[in-house]
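# Inside the fold
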Amino acid sequence: MNIAVFASGRGTNFGAIIRAVKKGTIKANLSLLVCDNPKAGAIARAKRAGIKIALVKREDFANKEDFENKIIAHLDENKIDLIVLAGFMRMLSPEFVGRYAGRILNIHPALLPSFKGTEAIKDAFDYGVKVTGVTVHFVDEKMDHGPIILQKAVEIQENDTLESLEKKIHKIEHHLYPEAIGLYVEGKLKLEES
Ligand code: GAR
């Protein structure tokens, strides 16, 4: 099975996936990094690990359809079976999601359906919830939405700061995402029609 990871930022989840593939806990090929940001830390990680990079910048295309068609060309060329979104900060169109239905995973740093969006850890912290967490889910056409695969809760303690909470959340992400991807690769996840 060939996996493409999509990332826009630091790429620490991508790093965790690289390690899991190397260790053999994810039995698949990490074939491609799709990145929309030339400054993303994920690019350096891909280079270090010898993973092919498709840098596709939205501003190089007149519209979203052309941008996504370029990504699709890269996915086809590399015979990608599974797309793993790891901090890819762009909404994919319904057409794109439909084309890869049941074959796109996402990780989100909160317990969905709470605190969707790009600032989930801060939003949960500022709200004052006592429990937050991490969600891995199949992607559908809505943002941070779709059938949930795994979730793990984190308690927010009195002495937690936003920084300490971020650390706890990321630590969980780096275990939970490889676990979920492993389940997918081993055919242990079944997406049923609702
Ligand atoms: C992760 O915390 C991930 O859950 C979040 O982006 C971060 C990327 O970090 N994704 C979302 O907020 C999706 N709505 P990373 O680049 O270090 O892996």
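Our subject is the structure listed above.
Everything numeric here is computed off the predicted structure, so don't read it as measured data.

## A few points about the layout of surface pockets
Estimates place the volume of the largest pocket at around 830 Å³. At the level of secondary structure, the elements contributing two or more residues to the lining of the largest pocket comprise helix 1 (12-23), strand 5 (104-108), helix 5 (120-127) and helix 6 (162-185). With 4 residues, the single largest contributor to the lining of the largest pocket is helix 6. Classifying every residue of the lining of the largest pocket by side-chain character gives 15 nonpolar, 13 polar and 9 charged. In this structure, the second largest pocket spans a volume of roughly 170 Å³. Contributing to the lining of the second largest pocket are V97, G98, A101, G102, F138, V139, D140, E141, P147 and L191.

## A closer look at the side chain of E68
As for its placement among the helices and strands, E68 is situated in helix 3 (residues 64-77). Lacking a salt bridge, the buried E68 has K64 as its closest oppositely charged neighbour, with an N-O distance of 4.5 Å. Within polar-contact distance, the side chain of E68 engages the side chain of S93 at 2.5 Å. Once you skip the residues sitting within four places of it in the chain, E68 turns out to touch M91, L92, S93 and F96.

## A closer look at the pairing of strand 2 (residues 29-35)
Most of strand 2 is tucked away, with 6 of its 7 residues classed as buried. Crossover connection from strand 1 (residues 2-7) via helix 1 to parallel strand 2: handedness right-handed. Looking at chain direction, strand 2 and strand 3 (residues 52-55) are connected through 4 bridges and run parallel. For C35, the partnering residue across the bridge sits in strand 3 and is L55. For the crossover from strand 2 across helix 2 (residues 41-49) to strand 3, the handedness is right-handed.

## Quick notes on the packing of aromatic side chains
Summed over the entire model, instances satisfying the criterion amount to 6 aromatic pairs. Ring centres of F6 and F96 lie 6.3 Å apart, and the angle between their planes is 65°; on these two criteria the pair is classed as edge-to-face. Linking F6 in strand 1 with F96 in helix 4 (residues 94-99), this pair joins segments that are 90 residues apart in sequence. As far as the burial class goes, F6 and F96 line up, both buried.

## Quick word on the site of the ligand
Every one of the 14 residues lining the ligand counts as a neighbour, but G11, T12, N13, D144 and E173 are closest to it. One of the backbone nitrogen or oxygen atoms of G11 is found 2.7 Å away from an oxygen atom of the ligand. E173 is positioned with one of its side-chain polar atoms (N or O) 2.4 Å from an oxygen atom of the ligand. Taking 440 Å² as the accessible area of the ligand by itself, protein coverage stands at 91%. When residues of the shell around the ligand are traced back to their parent elements, those giving at least two are helix 1, strand 5 and helix 6. Looking at the shell around the ligand residue by residue, the class counts come to 3 nonpolar, 8 polar and 3 charged.

## Quick look at unusual backbone geometry
The omega angle of the peptide bond from L112 to P113 is 15°, so this bond is cis rather than trans. Note that P113 resides in the loop between strand 5 and helix 5. Located in the positive-phi region is K79, a residue other than glycine, with phi close to 50°. The topology assignment puts K79 in the loop between helix 3 and strand 4 (82-85). Using a relative accessible area of 60% as the deciding quantity, one classes K79 as exposed. In this structure, F115 takes a positive phi of about 55° despite not being glycine. Take F115: it is sitting in the loop between strand 5 and helix 5.

Rules used in this analysis
- Residues numbered from 1 in each chain as written.
- Predicted model: local features only at pLDDT ≥ 70, side-chain atom pairs only at ≥ 80, totals over all residues.
- Heavy atoms only, no water.
- 1 Å grid on protein atoms, 1.4 Å probe; cavity = no way out; pocket = protein on both sides within 12 Å on 5 of 7 lines; lining within 4 Å.
- Points joined across faces, edges and corners; volume = space filled by probe spheres on them.
- Helix = DSSP H or I, 4+ residues; strand = E, 2+ residues; numbered from the N terminus.
- Nonpolar A, V, L, I, M, F, W, Y, C, P; charged D, E, K, R; others polar.
- Buried < 20%, exposed > 50% of the residue type's maximum accessible area, 1.4 Å probe, protein only.
- Lys, Arg positive; Asp, Glu negative; His and termini not counted.
- Salt bridge = Lys/Arg side-chain N within 4 Å of Asp/Glu carboxyl O.
- Polar contact = N/O pair within 3.5 Å; in protein donor to acceptor, adjacent residues only side chain to side chain.
- Contact = heavy atoms within 4.5 Å.
- Right-handed = clockwise from strand over helix to strand, strands pointing away.
- Pairing = 2+ DSSP bridges.
- Phe/Tyr/Trp six-rings, centres within 6.5 Å; stacked < 30°, edge-to-face > 60°.
- Near = heavy atom within 4 Å.
- Areas by Shrake-Rupley, 256 points an atom, 1.4 Å probe, with all protein chains shown as cover.

Without other data, these values stay purely geometric and don't point to any function.
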